[in-house]
Amino acid sequence: MSYPQSAGYPPLREAIAAYLQLSRGISCTPQQVFITAGYRGALNLIGRALLKPQDQVWLEDPYFPPSYHLLTQMGAEIVPVPVDQNGINVAIGKILAPDARFALITPAHQSPLGVTLSMARKQALLAWAEQNRALIIEDDYDSEFLYDNRRQPALASLSDNILYIGTFSKILTPALRLAYLVVPPDLLSHFNTTCHAWHDGSPLLQQAVVTDFMQEGHFSRHLRKMRAIYAQRKQMVIESLDQVFGTRFQFDISIGGLHLLAKLAQHEDDVTLAQQARKDGFGIAALSSRSLNADCGKGLLFGFANEPTPEAALNHAKNLQKCLLQLTDASR
């Protein structure tokens, strides 16, 4: 009946530390794990603890909107660093802002492009951070949903100089508002002080339920089950869109994640197409709207996790075609 501990429910911190050791190769103590209110809560705790106004932060370009908006509100100077097929381009980052204090990256599955950070880029990024005493913030985005059984260890398994963020939002449900931040040992005292001052703790009941779910083995079984289901749904959505739209969409097939990137011809207006689709109830985003400086082309981002059957996927694809045809007819 008392207030929850600001850093999180100790048994949940223990369960997460054990899970990260087995699944992501991260060796950490439960004391290094801080439970937060979702991804934004973790990033906010980092900002409260470490970020100073006008600190330069490398941010992947194209970018993940919550990261950009929150860091901007905190007063950071965003340095957009382009992403290619090998992930964030460290060499360009070193030219743009060699003395940046942070780099925020999604190495497992970049949002929105879906690429994985190559080992050569990982090594270059770690070398830059060590040389410049910079901190890397690893958002382990979608790492649980890689479908080719070639899961790479987290970047945090290769260095102690990483602030590692994971979340239960996509694994279980965003309604839990539960995420976790793993802090390097030498920053632990500072984060504990900040956490006590600024973080009221997360609801204890949700933390206790998730703890039991993990410790009793349900969590690992749930992940195995959902990987198989999402892999099937991903394929049936691709097939449905191919059947309806033909060659208009060119899919960049990433190894994981819960969204598809359908590339469009350069003359297409993906922003207008996405706006029209959202008016008709489709949760679709435009690729070009995620760009700060980089030319990432034109495309649409589709979620596929909620498609229950091939028939439903095909029906949604046909309805989307009707929606976009209305836009084409209106522009004539």
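These notes cover the structure that comes with them.

Cut-off values and rules
- Residues numbered from 1 in each chain as written.
- Predicted model: local features only at pLDDT ≥ 70, side-chain atom pairs only at ≥ 80, totals over all residues.
- Heavy atoms only, no water.
- Buried < 20%, exposed > 50% of the residue type's maximum accessible area, 1.4 Å probe, protein only.
- Helix = DSSP H or I, 4+ residues; strand = E, 2+ residues; numbered from the N terminus.
- Axes fitted to C-alpha atoms, helices over the stretch in contact; angles between N-to-C directions.
- Left-handed = near helix turned anticlockwise from the far one by under 90°.
- Contact = heavy atoms within 4.5 Å.
- Nonpolar A, V, L, I, M, F, W, Y, C, P; charged D, E, K, R; others polar.
- Pairing = 2+ DSSP bridges.
- Core = buried A, V, L, I, M, F, W, Y, C linked by side-chain atoms within 4.5 Å.
- Salt bridge = Lys/Arg side-chain N within 4 Å of Asp/Glu carboxyl O.

1. Points about helix H3 (residues 65-73)
Here H3 has its buried residues at Pro 65, Pro 66, Ser 67, Leu 70 and Leu 71. Residue Gly 75 follows H3 closely and has a positive phi angle near 95 degrees.

2. A short note on the packing of helix H2 (residues 38-50) against H3
It is at 11 Å that the axes of H2 and H3 come closest, and there the two elements cross at 35 degrees. When the axes of H2 and H3 are compared, the crossing they make is right-handed. Contact residues: Tyr 39, Arg 40, Leu 43 and Asn 44 in H2; Pro 66, Ser 67, Leu 70 and Leu 71 in H3. Split by residue class, the contact of H2 with H3 holds five nonpolar, two polar and one charged.

3. Structural notes on the sheet that holds strand S10 (residues 259-264)
Strand order in the open sheet formed by four strands is S9-S10-S12-S11, with antiparallel pairing between adjacent strands. Among the strands making up the open sheet, the edge pair consists of strand S9 (250-252) and strand S11 (284-286). Adjacent strand axes in the sheet meet at a mean angle of 30 degrees when their direction is disregarded. Sheet analysis places S11 next to strand S12 (residues 298-303), joined by three bridges and oriented antiparallel. In the sheet register, Ala 285 faces S12, and the bridge partner there is Leu 301. Taken strand by strand, helix H9 (residues 270-279) contacts S10, S11 and S12, and its axis lies near 160 degrees from that of S11.

4. Looking at the nonpolar core
With 73 residues, the main nonpolar core has Trp 58 and Leu 125 as its most contacted residues. Top element by residues in this core is helix H8 (residues 218-245). It accounts for ten residues. Counting 29 residues, the second largest nonpolar core, distinct from the first, contains Ala 42, Leu 135, Leu 187 and Leu 188.

5. Overview of the pattern of salt bridges
Where charged atoms of side chains with opposite charge meet at close range, the side chains can pair. Tallying each qualifying case throughout the model produces five salt bridges. Its salt-bridge partner being Arg 121, residue Asp 84 comes within 2.9 Å of it at the nearest N-O pair. With a gap of 37 residues between them, Asp 84 in strand S3 (residues 77-84) and Arg 121 in helix H5 (residues 119-132) connect regions that are remote in the sequence. Its relative accessible area of 23% is what places Asp 84 among the partly exposed residues. Note on Arg 121: relative accessible area 14%, which makes it buried. In this structure, the salt-bridge partner of Lys 170 is Asp 142, at a minimum N-O distance of 3.4 Å. Taken together, the positions of Lys 170 in the loop between strand S7 (162-167) and strand S8 (179-182) and Asp 142 in the loop between strand S6 (135-139) and S7 put the pair 28 residues apart, joining distant regions of the chain. Judged by its relative accessible area of 32%, Lys 170 falls in the partly exposed class. Of the residues examined, Asp 142 reaches a relative accessible area of 4% and is grouped as buried.

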